[in-house]
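Coordinates in review
Letter by letter, the chains look like this.
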Amino acid sequence: MKAIDETMSIYQILSEYPFLLKIFKQHGMEKFENREVLESLGPLLKLKTALSMVSVNKDSFIELLNKAVLDSEAKGDFTLEDSPERQKELTLLALLPCGMKMPFNRAFDDFSAEYGRQMNNVLHSLVEGNVNHELSYYAYIDSVTSIDELPDIIISSDINSFYHKPFRENFLNKEYFVSLNPSPMNTDLESIGFADPCGQFTMISANLLVLVTIDELMKDNTRPESWEDLLKDEFRNRVIMRGQDGFFCNGVLLPFYRMYGMEGIEKLASSVYTGLHPSEMVKMIDSKKDNVPPMYIMPYFFAKKIQDKSRITINIPSEGAIVSPVQMLVKKSAVERVKEITDFFCGKEFAEISARAFFPTTNPEVDNNLEGINSLYWLGWDFLMNTDIGTLKKEVEKVFNKQFRETGGVV
């Protein structure tokens, strides 16, 4: 485990270890039980500051948190970063976008408790954020060769290793999984061909990427009407996208490659000033400083968290909001055994939770309420299944990072 320290944000701690909430509540910080408070204040508030506000001894509290995490791990819990091979012990593994993780955990905790009572059995599961697993767990998945090494249910985000050639050859081509999507699915996503034509991925929802502009900082520049407009020379070093330490979001890079080729990747790299987590983008925008970049490629969920919306515009470029998928793989061999669990994830209750968090659902019974989002851009199954996605990612990353460094991008 990574030791909890005073520099970590409340959101970071409770996203990684939601069971620690009860300790926060015991020490006068019950406000973080409120989802809106946690998601708006949590990313900005460091543990040290939060403890000083309630006059709690910092060292003792941090020691208590770390002991609780160690005790949890001693009971058999684990993290993917430390023990990816232990995933085979799980019935469910879920790697989720940041905005979805908290509402998912609340709903799933209630479900799993009821499931345990009804089935007289513990549901072995692990829920983690998707951030950074491109460099840890997903790299491990490229080396997995046996279906027995995988959980019965895997929920994941973005265009990850489950689309790579090794996984396709070892698992998808052998039809080990089955899609549980309704047909037709919700019209918002049915219209873009979101359903897996090979019937293996169950598409749960979409993390939509939009373009946020700080209008007062655009100055004489015309606000972009298309994603392609971001590639213009006039926008050099004026865009922020998700990334850190030389890694940038494939959910952005692959669609740009698909639309504009490797030349488009080079031009995008010239336009990007730096990479940040979306919560840091929100903080930067709400700082109201005038020396920050004016354009941000970010999830719709986080765009809706910006406090002063009078200063910004949430733009939907002409090509559409970029669809980054949230998908589920269910083993054919386990379908009947896990039916109660998959019924929950495919059901109306969870779909409504997803839609309320601004992650449009594939469930046809739910209104996604995509006000102002009149078009969506999806990479498409032909591209995903007929391209060596893993190799392409490396090529795109190499070209992007080279150009990014040469044009003065801030790492």
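Residues numbered from 1 in each chain as written. Predicted model: local features only at pLDDT ≥ 70, side-chain atom pairs only at ≥ 80, totals over all residues. Heavy atoms only, no water.

- Per an unreviewed UniProt entry, the protein goes by Spermidine/putrescine-binding protein and derives from Methanosarcina horonobensis HB-1 = JCM 15518.

A word on the UniProt feature "domain: DUF1858" (unreviewed entry) in the protein
- Per the UniProt annotation, the sites labelled "domain: DUF1858" (unreviewed entry) are residues 4–62.
- Across residues 4–62, helical content stands at 54% and strand content at 0%; the span's end C-alpha atoms are separated by 7 Å. (UniProt positions renumbered as here; feature names shortened; annotations may be inferred. Helix = DSSP H or I, 4+ residues; strand = E, 2+ residues; numbered from the N terminus.)

Things to note about the packing of aromatic side chains
- Tallied over the entire structure, the rule returns 32 aromatic pairs.
- Considering the side-chain rings of Phe344 and Phe345, the 5.2 Å spacing of their centres and the 65 degrees angle between planes classify their relative orientation as edge-to-face. Judged on exposure class, the residue Phe344 and its partner Phe345 are both buried. (Phe/Tyr/Trp six-rings, centres within 6.5 Å; stacked < 30°, edge-to-face > 60°. Buried < 20%, exposed > 50% of the residue type's maximum accessible area, 1.4 Å probe, protein only.)

Details of the side chain of Ser324
- Structurally, Ser324 can be placed in strand 10 (residues 321–330).
- Within the structure, the side chain of Ser324 is placed 3.4 Å from the side chain of Asp158, a separation counted as a polar contact.
- When near neighbours in sequence (up to four residues on either side) are disregarded, Ser324 contacts Asp158, Ala206 and Asn207. (Polar contact = N/O pair within 3.5 Å; in protein donor to acceptor, adjacent residues only side chain to side chain. Contact = heavy atoms within 4.5 Å.)

Looking at the nonpolar core
- With 138 residues, the main nonpolar core has Leu20, Phe24 and Ile155 as its most contacted residues.
- Once residues lying within four places of it in the same chain are set aside, the contact partners of Leu20 are Ile4, Ile13, Leu14, Leu65, Ala68 and Val69. (Core = buried A, V, L, I, M, F, W, Y, C linked by side-chain atoms within 4.5 Å.)

Quick word on the domain arrangement of the protein
- Taken domain by domain, the protein holds domain 1 (10–74), domain 2 (92–206 + 322–383) and domain 3 (207–321 + 394–407).
- Taken over C-alpha atoms, the centre of domain 2 sits 26 Å from the centre of domain 3.
- The interface is formed by 29 residues belonging to domain 2 together with 27 residues belonging to domain 3.
- A combined buried area of about 2500 Å² lies between domain 2 and domain 3, and 67% of that area is made up of carbon and sulfur atoms. (Domains from an automatic or database assignment. Buried area = accessible area lost by both parts, 1.4 Å probe.)

Overview of the pattern of salt bridges
- The full count for this structure, using the stated rule, is 14 salt bridges.
- Across the salt bridge formed by Asp152 and Arg337, the nearest N and O atoms sit 3.1 Å from each other. Taken together, the residues span a long stretch of sequence, with Asp152 in the loop between helix 7 (137–141) and strand 3 (153–157) and Arg337 in the loop between strand 10 and helix 13 (339–346) at a distance of 185 residues.
- Residue classification places Asp152 among the buried positions, given a relative accessible area of 12%. (Salt bridge = Lys/Arg side-chain N within 4 Å of Asp/Glu carboxyl O.)

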